[in-house]
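Chain residues, written in single-letter form:
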Amino acid sequence: MPSSLETRKRVEAGLARRHRRERLFKFSGMLATTVGVVFLGVFFFDLFAKGSSAFVQTHLRLEVEFSADVIAPGGELDIAYADFDGLVRSALRAEFPEVTGRGDRRELYRIVSSSAGYQMQDMIELDPELLGTRQSIWFPAASTVDMYIKGNIDATLDESLRPISDQQIAWVESLRESGFLETHFNRALFSNGDSRDPELAGIKGALMGSFYMLIVTVVLAFPIGVAAAIYLEEFAPRNRWSDLIEVNINNLAAVPSIVFGLLGLAVFINWVGIPRSAPLVGGLVLSLLTLPVIIIASRAAIKAVPPSIREAALGLGASRMQVVFHHVMPLALPGMLTGTIIGMSRALGESAPLLMIGMVAFIVDVPGGFSDPATALPVQIYLWADSPERAFAERTSAAIIVLLGFLLLMNLAAVIIRKRMEKKW
Amino acid sequence: MTNPRTVLVLLACAVLASGFATDAEAQANRDYIYIVGSSTVYPFSTVVAERFGRGTEFKTPKVESTGSGGGLKLFCDGVGVDHPDITNASRAIKSSEVERCAGNGVTEIVEVKIGYDGIVIANAISAIEMELTRKDIFLALAKEVPGGADGELIENPYNTWKDVNPELPDVRIEMLGPPPTSGTRDAFVELAMEGGCKAIPWISALKKSDSSAYKSICHTIREDGAFVEAGENDNLIVQKLEANPNAFGIFGFSFLDQNSEKVKGAMVDGHKPTFDAIADGDYPVSRSLFFYAKKAHVDVIPGLREFLREFTSERAWGDEGYLAERGLIPMPAEERGAVSASVRNLEPLTMASQ
């Protein structure tokens, strides 16, 4: 058969070219994947290289005396007005008796964190028995010392160009040799609120702020989103109105988040009168933001439930509501939960809408409720990134690592729920 | 049967109800000081707030960074616990803002000048030393510069610093600076650009005859790529300067102070931007920093009077106080004494004193 022979010939002629094209396409696909992975790798490497050192903090051990003359001058404890800083200073002077000049001593006092006095104050408040005793206490070092120990300050530079002086370096080195200087786990990072002293700054306030906001968000957005999805899927008549609503919900998911912040400012703060910076407002704004995500995911989950289940239930005499709540919803719930968690993790990472409602603020006290002033984790990152003190750079990266950790956990939870509970038909 | 739906709905209601209930309470008697305003004053205000919170029985004040203009807007919205007690500003309050305040019932405002801040033009530490005049800065950065004849303006033709002034190096003009929303930008334009602009006699004469033309010549920055708006994050500008030794950046003195091994400040009109030169008023590109407090809130908001005392105490704003360590440039001792006395008596601002 001449014609089939001819076809074969033509195929053979073009075969090399087709194979080449396929290889090229495969190669470009691989290239794209590699580029993506490399970018991600560089990002993570940079983040961990910069941020991992923030999880430890340099501490100095000083022999301090809880002097009764200073703390209880008249025989009675006078904690609020006692000069604890003075006690820390005399401990430093005892450690380095050769330092005498007034200026030199000021230099010396700067190697320990300004929080040392408050730490002593807290200790004696907890345990008044300490009065009159000498204690060996680990105090956080000042952030310049911390940066020097971590190698973030180049000691070979001219003295005038670096924040730590030659003298201070000598003192720190002598403490290190005698074992009075160590790096410990940076507990302050997880137990303190914000601070302008890097060695005291922590993310607990921001974490609690984010936590309260997400509570408000989930409590509002989940039931409303699921109810809207059920109504639209199961009960709403198909007409122009429901089409319009559907289009609008899909559009709402694409609205830039800052717009929700403006809405929150206009409605919740200026009209309803909820105080600025409260997690309640943040949660309300974020629930508006996540609602469309939850509605869309929930509708997809309801759609995936086979119609045969509804028909069987109806056939056995169940009402529409019984069909929905006894049969459709339990089967769609894993999908709804997955959508909710994805929406929540988006809400956790949001900072733009919070700008508008006053959550970008310096707040030291850890919030204890829904109406206390608070910030959120991404906002804390933004504030630290903008701080002039050098030691905040590594703390910024550390806060990003913590935020990424939470996002990863939430997404993992979503994946596990989907894998474990989702039914295939 | 316990219905999960009912539980959820009840929970939502409970949270909302408790939220609103505590709100009403918090609104009725706010027990913390609420501060808004300039991002330049923010680093100083927060340090005082934190020390105040740790050292006294009062709660730590909340400090929001909204910019000088935004802060004054919130501040002037009214009297009462919903409105801020203090606003920080990197410029003096305008008479239009005082009027707006008065219109909303904020009649007695206490002005507190806290010190000075220098605006520096910096480049990488490894790069060349620059000796600029304000006229050089104006000619290098203005959108339109004087042409040959008096009164003639041409599109800025200068590409390198050498074009501007033959004594400067042959390096392309590349300046990273803050966006127009920033108080630093306002102050830079007013002090550096206008300062250089005034050095040209016919433009200076224009100030009286046609002040709006004068302003538009002196305050308009070129948009052809030589001036790059680098956002409000000054740390980012420092990083970019390190990477590019030919670029210059504009930011506040405190950033230069904290990053002295990475960047250095250019001389302006023969003065280096040092602590002493700014404090003495020799360095020309420096401005005063302020905050404004509502007299009506004193003794209503717990701790406000004590906070004013703390901010104006020697241990805070003195020559060796903790604010100086953060880069605030203190006022001379007599001026500090005068301001702190007027703060103690809560003397309200009068427009005549402006």
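Please read these numbers as outputs of a predicted model, since none were measured by experiment.

S.K.: Break down the overall build of chain A for me, citing the residues and quoting the values.
M.R.: For chain A, the helix and strand inventory stands at 17 helices and 4 strands. Evaluated residue by residue, chain A yields a buried proportion of 45% over its 425 residues. A separation of at least 24 residues holds for 76% of the contacts in chain A among residues at least 6 apart in sequence. Surface accessibility of chain A: about 21600 Å² in total, with carbon and sulfur atoms responsible for 62%. With 39 positive and 42 negative side-chain charges, chain A shows a spacing of 20 Å between the two charge centroids.

S.K.: Pulling in residues and values, what's your account of the interface of chain A and chain B?
M.R.: Counting from both sides, the interface comprises 43 residues of chain A and, opposite them, 43 residues of chain B. When chain A packs against chain B, close to 3900 Å² is buried across both sides, 53% of that on carbon and sulfur atoms. Three residues stand out in chain A for area buried against chain B, namely Arg-196, Phe-362 and Pro-388 of chain A, and they jointly supply 16% of the buried area on that side. The interface formed by chain A and chain B contains 4 salt bridges. The salt bridge involving Glu-64 of chain B is made with Arg-276 of chain A; its shortest N-O contact spans 2.5 Å. Run the count over chain A and chain B and you get 12 residue pairs in polar contact (both at pLDDT 80 or more). Counting only elements with at least two residues in the side of chain A that touches chain B, the list comes to helix H4 (102-109), helix H9 (204-235), helix H14 (320-348), strand S4 (361-362) and helix H16 (377-385) of chain A. Ranked by residue count, the leading element in the side of chain A that touches chain B is H9 of chain A, at 3 residues. Considering only residue class, the side of chain A that touches chain B consists of 23 nonpolar, 9 polar and 11 charged.

S.K.: If you had to explain the pairing of strand S1 (residues 56-65) of chain A to someone new, which residues and values would you point to?
M.R.: All names here are of chain A. As paired strands, S1 and strand S3 (residues 181-185) are joined by 5 bridges and run antiparallel to one another. In the sheet register, Thr-58 faces S3, and the bridge partner there is Thr-183. Bridge analysis of S1 against strand S2 (residues 134-140) gives 7 bridges, and the strand direction is antiparallel. Each bridged residue has a counterpart across the sheet, and for Arg-61 the counterpart in S2 is Trp-138.

S.K.: Tell me about the sheet that holds S1 of chain A, residues and numbers included.
M.R.: Residue and element names in this part refer to chain A. Strands sit in the order S2-S1-S3 across an open sheet of 3 strands; the sheet is antiparallel. Taken across any chain shown, the strands that pair with only one partner, and hence form the sheet edges, are S2 and S3. Strand-to-strand, the axes of this sheet are offset by a mean angle of 40°, without reference to chain direction. Against the sheet, helix H5 (residues 116-126) engages S1 and S2, with an angle of about 130° to S2.

S.K.: How would you summarise the domain arrangement of chain A if you had to cite specific residues and measurements?
M.R.: Interface extent is often summarised as the accessible area lost during association of the parts. Residues and elements named next belong to chain A. Segmentation of chain A into domains returns domain 1 (54-185) and domain 2 (204-421). Between domain 1 and domain 2, the C-alpha centre-to-centre distance is 46 Å. Between domain 1 and domain 2, the contact holds 8 residues from the first and 7 residues from the second. Both sides together, the interface formed by domain 1 and domain 2 hides about 630 Å², and carbon and sulfur atoms give 63% of it. Three residues, Ala-54, Phe-55 and Met-147, lead the burial of domain 1 against domain 2; their summed loss comes to 65% of the area buried on that side. Among the ionic pairs, Lys-150 bridges to Glu-394, the shortest N-O distance being 2.8 Å. For the side of domain 1 that touches domain 2, the per-class residue count stands at 3 nonpolar, 3 polar and 2 charged.

S.K.: An account of the packing of aromatic side chains is requested, with residue identities and associated values reported.
M.R.: All names here are of chain B. This model, assessed by the stated rule, comprises 15 aromatic pairs over all chains. Look at Trp-161 and Phe-248: their rings are 5.5 Å apart centre to centre, the planes differ by 70°, and that puts the pair in the edge-to-face class. Highlighted residues: Trp-161 in helix H6 (residues 161-164) and Phe-248 in strand S10 (residues 248-252), separated in sequence by 87 residues. The exposure class assigned to Trp-161 is buried, which follows from its relative accessible area of 1%.

S.K.: Could you give an account of the domain arrangement of chain B, with specific residues and numbers?
M.R.: Residue and element names in this part refer to chain B. Along its sequence, chain B is organised into domain 1 (4-116 + 288-353) and domain 2 (118-286). Taking only C-alpha atoms into account, the centre of domain 1 sits 32 Å from that of domain 2. Roughly 820 Å² is buried in total at the junction of domain 1 and domain 2, and carbon and sulfur atoms are behind 58% of that figure. Counting the surface domain 1 buries against domain 2, the share from its top three residues, Tyr-116, Gly-327 and Ile-329, is 46%. Seen at the junction of domain 1 and domain 2, the total is 0 residue pairs in polar contact (both at pLDDT 80 or more). The class makeup of the residues in the side of domain 1 that touches domain 2 is 5 nonpolar, 4 polar and 1 charged.

S.K.: Requested: an account of a positive patch on the surface, with residues and values cited.
M.R.: Taken together, the side chains of Arg-17, Arg-18, Arg-20, Arg-21 and Arg-23 of chain A define a basic patch exposed on the protein surface. Residue placement: Arg-21 of chain A occurs in helix H1 (residues 2-51).

Procedures and definitions
- Residues numbered from 1 in each chain as written.
- Chains lettered and ligands numbered in written order.
- Predicted model: local features only at pLDDT ≥ 70, side-chain atom pairs only at ≥ 80, totals over all residues.
- Heavy atoms only, no water.
- Helix = DSSP H or I, 4+ residues; strand = E, 2+ residues; numbered from the N terminus.
- Buried < 20%, exposed > 50% of the residue type's maximum accessible area, 1.4 Å probe, protein only.
- Contact = heavy atoms within 4.5 Å.
- Areas by Shrake-Rupley, 256 points an atom, 1.4 Å probe, with all protein chains shown as cover.
- Lys, Arg positive; Asp, Glu negative; His and termini not counted.
- Charge placed at Lys NZ, Arg CZ, Asp CG, Glu CD.
- Buried area = accessible area lost by both parts, 1.4 Å probe.
- Salt bridge = Lys/Arg side-chain N within 4 Å of Asp/Glu carboxyl O.
- Polar contact = N/O pair within 3.5 Å; in protein donor to acceptor, adjacent residues only side chain to side chain.
- Nonpolar A, V, L, I, M, F, W, Y, C, P; charged D, E, K, R; others polar.
- Pairing = 2+ DSSP bridges.
- Axes fitted to C-alpha atoms, helices over the stretch in contact; angles between N-to-C directions.
- Domains from an automatic or database assignment.
- Phe/Tyr/Trp six-rings, centres within 6.5 Å; stacked < 30°, edge-to-face > 60°.
- Patch = residues over 30% accessible without salt bridge, like charges linked within 9 Å, V, L, I, M, F, W, Y side chains within 5 Å.

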